[in-house]
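Spelled out from the first residue to the last, the chains are:
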Amino acid sequence: MNEMEELYREIILDHNKRPRNFRKMEDCTHHAEGHNPLCGDEIEVFVKVDNGVITDISFEGEGCAISKSSASLMTTALKGKTIEEAHREAGIVISMLSGKTDANEIDELGDIAALQGVRQFPARIKCATLSWHALEASLIGKDDTSTE
Ligand code: ZN
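An account of the accompanying structure is given in this report. (Residues numbered from 1 in each chain as written. Predicted model: local features only at pLDDT ≥ 70, side-chain atom pairs only at ≥ 80, totals over all residues. Heavy atoms only, no water.)

Turning to the overall build of the chain, a few remarks are in order. Scanning the chain from N- to C-terminus turns up 5 helices and 4 strands. Beginning at the N terminus, the succession of helices and strands in the chain can be written as α-β-β-β-α-α-α-α-β. The burial tally for the chain puts 44% of its 148 residues in the buried class. The long-range fraction of contacts in the chain, counting pairs at least 24 apart against all pairs at least 6 apart in sequence, stands at 58%. In the form shown here, the chain has an accessible surface area of approximately 7400 Å², with 49% of it arising from carbon and sulfur atoms. Within the chain, one finds 16 positive and 27 negative side-chain charges whose respective centroids are separated by 3 Å. (Helix = DSSP H or I, 4+ residues; strand = E, 2+ residues; numbered from the N terminus. Buried < 20%, exposed > 50% of the residue type's maximum accessible area, 1.4 Å probe, protein only. Contact = heavy atoms within 4.5 Å. Areas by Shrake-Rupley, 256 points an atom, 1.4 Å probe, with all protein chains shown as cover. Lys, Arg positive; Asp, Glu negative; His and termini not counted. Charge placed at Lys NZ, Arg CZ, Asp CG, Glu CD.)

What follows concerns the coordination of the zinc ion. A metal bound by six donors in octahedral fashion has ideal angles of 90 or 180 degrees, whereas one bound by four tetrahedral donors has an ideal angle of 109.5 degrees. Only Cys39 (SG), Asp41 (OD), Asp41 (OD), Cys64 (SG) and Cys127 (SG) from the protein coordinate the zinc ion, and they sit 2.2 to 2.7 Å from it. Every donor residue of the zinc ion comes from the same chain, spaced as C-x1-D-x22-C-x62-C. Of this pair, Cys39 sits in the loop between strand E1 (30-36) and strand E2 (41-50) while Cys64 sits in the loop between strand E3 (53-62) and helix H2 (65-78), and the two are 25 residues apart along the sequence. The exposure class of Cys64 is buried, given its relative accessible area of 14%. (Donors = N, O, S within 2.8 Å, 3.2 Å for Na, K, Ca; no water.)

What follows is about a negative patch on the surface. On the surface, Glu33, Glu42, Asp143 and Asp144 cluster together to form a negatively charged patch. Examined against the element boundaries, Glu33 turns out to sit in strand E1. (Patch = residues over 30% accessible without salt bridge, like charges linked within 9 Å, V, L, I, M, F, W, Y side chains within 5 Å. Salt bridge = Lys/Arg side-chain N within 4 Å of Asp/Glu carboxyl O.)

Taken in spatial order, the 4 strands line up as E3-E2-E1-E4 in an open sheet, and their pairing is mixed. Each edge of the sheet is formed by a strand with only one pairing partner; in this case those strands are E3 and strand E4 (144-146). On average, each strand axis in the sheet is inclined to that of its neighbour by 20 degrees, with strand direction left out of account. Strands in contact with helix H5 (residues 125-139) are E1, E2, E3 and E4; relative to E1, the strand with the most contacts, it is inclined by about 150 degrees. (Pairing = 2+ DSSP bridges. Axes fitted to C-alpha atoms, helices over the stretch in contact; angles between N-to-C directions.)

Let us now look at the pairing of E3. Pairing of E2 with E3 involves 9 bridges; the strand directions are antiparallel. Note that in E3 the partner of Lys48 across the bridge is Asp56. The loop that links E2 with its antiparallel partner E3 comprises 2 residues; one of these, Asn51, has a positive phi angle of about 55 degrees.

Next up on the list: H5. With 15 residues, H5 ought to run about 21 Å at 1.5 Å a step, and its terminal C-alpha atoms sit 22 Å apart, in line with that. At Ser131, H5 shows its maximal bend, which comes to roughly 30 degrees. Counting buried positions along H5 yields 11 of 15 residues, so the element is predominantly enclosed. Regarding H5, the residues found buried are Cys127, Ala128, Thr129, Leu130, Ser131, Trp132, Ala134, Leu135, Ala137, Ser138 and Leu139. (Expected span 1.5 Å × (residues − 1). Bend = angle between axes of the 7 residues up to and from the residue.)

Quick look at the packing of aromatic side chains now. According to the stated counting rule, one finds 1 aromatic pair in the structure shown. When the ring of Phe22 is compared with that of Phe59, the centres are 5.1 Å apart and the planes differ by 70 degrees; the resulting orientation is edge-to-face. Here Phe22, found in the loop between helix H1 (3-17) and E1, pairs with Phe59, found in strand E3; they are 37 residues apart in sequence, far enough to count as distant. Over the ring of Phe22 we find Lys68; its NZ or CZ atom is 5.9 Å from the centre of that ring. (Phe/Tyr/Trp six-rings, centres within 6.5 Å; stacked < 30°, edge-to-face > 60°. Lys NZ or Arg CZ within 6 Å of the ring centre and 35° of its normal.)

Spelled out as structure tokens, the structure:
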């Protein structure tokens, strides 16, 4: 394992052990449940939008380390961002995980770039994209989404 992979692994383990913004949000404006039957991950994403800006974002649910740390990384990255920025970031993450993003875009992601290690494990890619799909679903008013 090289230094970068080691760092990525540590970020993922840390977010799995101490997930950020892991709570239900009663006064959210948007929420959606994401299901990944392949692995059994169930992640619910809560978003509070005010004037086009994500003022609060949290998640809840049961899932493997990858799905949980991806959701945790997402909440830390998107708080304070506009809806457009969130869509853009979700697009970059999803294409990064399918191997279609260039290095410059990945650099913009900060800690989320740690998720690219998941590409080595094709069966886990849906775990990593789950919370991002749930976020996208919530923002367009769908309250349920599945990776299947
Ligand atoms: Zn999973």
